[in-house]
Amino acid sequence: RKEVEQDPGPFNVPEGATVAFNCTYSNSASQSFFWYRQDCRKEPKLLMSVYSSGNEDGRFTAQLNRASQYISLLIRDSKLSDSATYLCVVNSPGTYKYIFGTGTRLKVLA
Amino acid sequence: DAGVIQSPRHEVTEMGQEVTLRCKPISGHDYLFWYRQTMMRGLELLIYFNNNVPIDDSGMPEDRFSAKMPNASFSTLKIQPSEPRDSAVYFCASSQTYGTGYYEQYFGPGTRLTVT
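Since the model is a prediction, treat every value here as computed from it, not as a measurement. (Residues numbered from 1 in each chain as written. Chains lettered and ligands numbered in written order. Predicted model: local features only at pLDDT ≥ 70, side-chain atom pairs only at ≥ 80, totals over all residues. Heavy atoms only, no water.)

Trainee: Kindly report on the environment of A:Gly103, identifying the contributing residues and their values.
Mentor: All names here are of chain A. If you trace the backbone, Gly 103 turns up in the loop between strand E10 (98-100) and strand E11 (104-109). Residue classification places Gly 103 among the buried positions, given a relative accessible area of 4%. Expressed as a C-alpha distance, the spacing of Gly 103 and Arg 37, which sit 66 residues apart in the sequence, is 8.8 Å. Setting aside residues up to four positions removed in sequence, Gly 103 forms contacts with Gln 6, Asp 7, Pro 8, Thr 85, Tyr 86 and Leu 87. (Helix = DSSP H or I, 4+ residues; strand = E, 2+ residues; numbered from the N terminus. Buried < 20%, exposed > 50% of the residue type's maximum accessible area, 1.4 Å probe, protein only. Contact = heavy atoms within 4.5 Å.)

Trainee: I'd like a description of the sheet that holds strand E1 (residues 5-7) of chain B, backed by residues and values.
Mentor: Neighbouring strands of a sheet are bound in pairs by backbone hydrogen bonds; such pairs are parallel or else antiparallel. Residues and elements named next belong to chain B. Pairing is antiparallel across the open sheet formed by 4 strands, whose spatial order is E1-E3-E8-E7. One side of each edge strand has no neighbouring strand; the edge strands of this open sheet are E1 and strand E7 (65-71). Averaged over all pairs of adjacent strands, the angle between their axes in this sheet comes to 15°, without regard to strand direction. Taken together, the 3 bridges between E1 and strand E3 (residues 19-24) define a ladder with antiparallel strand orientation. Bridging across to E3, Gln 6 finds its partner in Cys 23. (Pairing = 2+ DSSP bridges. Axes fitted to C-alpha atoms, helices over the stretch in contact; angles between N-to-C directions.)

Trainee: Residues and numbers for the environment of B:Met69, please.
Mentor: Residue and element names in this part refer to chain B. By the element assignment, Met 69 lies in strand E7. Residue classification places Met 69 among the buried positions, given a relative accessible area of 10%. Taking the C-alpha atoms as reference points, Met 69 and Gln 105, 36 residues apart in sequence, are found 18 Å from one another. Ignoring any residue separated from it by four or fewer positions in sequence, one finds Met 69 in contact with Pro 25, Leu 32, Phe 49, Asn 52, Phe 74 and Ser 75.

Trainee: Please set out the sheet that holds strand E6 (residues 55-57) of chain A residue by residue, giving values where relevant.
Mentor: Residues and elements named next belong to chain A. The strand order E1-E3-E8-E7-E6 describes an open sheet built from 5 strands, whose pairing is antiparallel. Of all the strands in the sheet, just strand E1 (4-6) and E6 have a single pairing partner and so form its edges. The mean inter-strand angle of the sheet, taken between neighbouring strand axes irrespective of direction, is 20°. Relative to strand E7 (residues 60-65), E6 is paired through 3 bridges, and the arrangement is antiparallel.

Trainee: A description of the interface of chain A and chain B should follow, citing residues and the corresponding values.
Mentor: Taken residue by residue, the interface counts 17 residues in chain A and 24 residues in chain B. Of the roughly 1800 Å² buried between chain A and chain B, counting both surfaces, carbon and sulfur atoms make up 54%. The tally of links between chain A and chain B comes to 1 salt bridge. Note that A:Lys97 is salt-bridged to B:Asp56, the shortest N-O span being 3.2 Å. For the interface between chain A and chain B, the tally reads 5 residue pairs in polar contact (both at pLDDT 80 or more). Put simply, the parts of the chain that give the side of chain A that touches chain B at least two residues each are strand E4 (33-38), strand E5 (44-50) and E10 of chain A. (Buried area = accessible area lost by both parts, 1.4 Å probe. Salt bridge = Lys/Arg side-chain N within 4 Å of Asp/Glu carboxyl O. Polar contact = N/O pair within 3.5 Å; in protein donor to acceptor, adjacent residues only side chain to side chain.)

Trainee: Kindly report on the packing of aromatic side chains, identifying the contributing residues and their values.
Mentor: Inspection of the entire model under this criterion finds 16 aromatic pairs over all chains. Residues A:Phe11 and A:Phe21 carry aromatic rings whose centres are separated by 5.2 Å and whose planes lie at 80° to one another, so their mutual orientation is edge-to-face. Of this pair, A:Phe11 sits in strand E2 (residues 11-14) while A:Phe21 sits in strand E3 (residues 19-25); the two residues are 10 residues apart in sequence, bridging distant segments of the chain. Each ring, one from A:Phe34 and one from A:Tyr98, has its centre 5.1 Å from the other, and the planes form 35°; the classification is tilted. Here A:Tyr98 lies in strand E10 and A:Phe34 lies in strand E4, a separation of 64 residues in the sequence. Note on accessibility: A:Phe34 and A:Tyr98 belong to one class, buried. In textbook terms, an aromatic cluster arises when at least three aromatic residues are bridged by ring pairs, as seen for A:Phe34, A:Tyr36, A:Tyr96, A:Tyr98, A:Phe100, B:Tyr31, B:Phe33, B:Tyr35, B:Tyr48, B:Phe91 and B:Phe107. (Phe/Tyr/Trp six-rings, centres within 6.5 Å; stacked < 30°, edge-to-face > 60°.)

Written as structure tokens, this is what we have:
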């Protein structure tokens, strides 16, 4: 089983739609979780951290479910500029290593 | 702040040649990471340093790969000899820690390596 698993997509959604991605992780001792965004042929950039109680940043909402070992990202009112690959990131316990998922590709269509 | 700087941005070389990738982390950051990204395997951690000391190189694929960090503002990743399967985008990232906890990693623009 991969340490971090994501549906590769692509998710093709119309502008204004709500879309959600899930990510599962294998190590129950992981404590830090993030979503990174990567545009085509660019470097990954932090989108948001994921806190235990869930957190929101504008149109983006992140949730953590420790019991089922998954995190989610919800994007409301999708914009064309949201088109990118979204990487789920989990820390490797006891280290400063981050494990990146292979990413979920989102295409927002006009 | 200039961000993480990597050079070269693109490298095309022939199999068997030595390749050296360079990285300048953000000033003041105490962790530096080298990653490789391919379509098939995604983003893989190769090695990371803390205060210029290599901490974990378990991701380095084989002895052909080596990395150094002679000072806080410079790191190199060397492949010798290079092979076509080394073709990938190599990213350098840095972060600053404040004791316990996990912090944002800032990525450089990457070096796109093609080995023919």
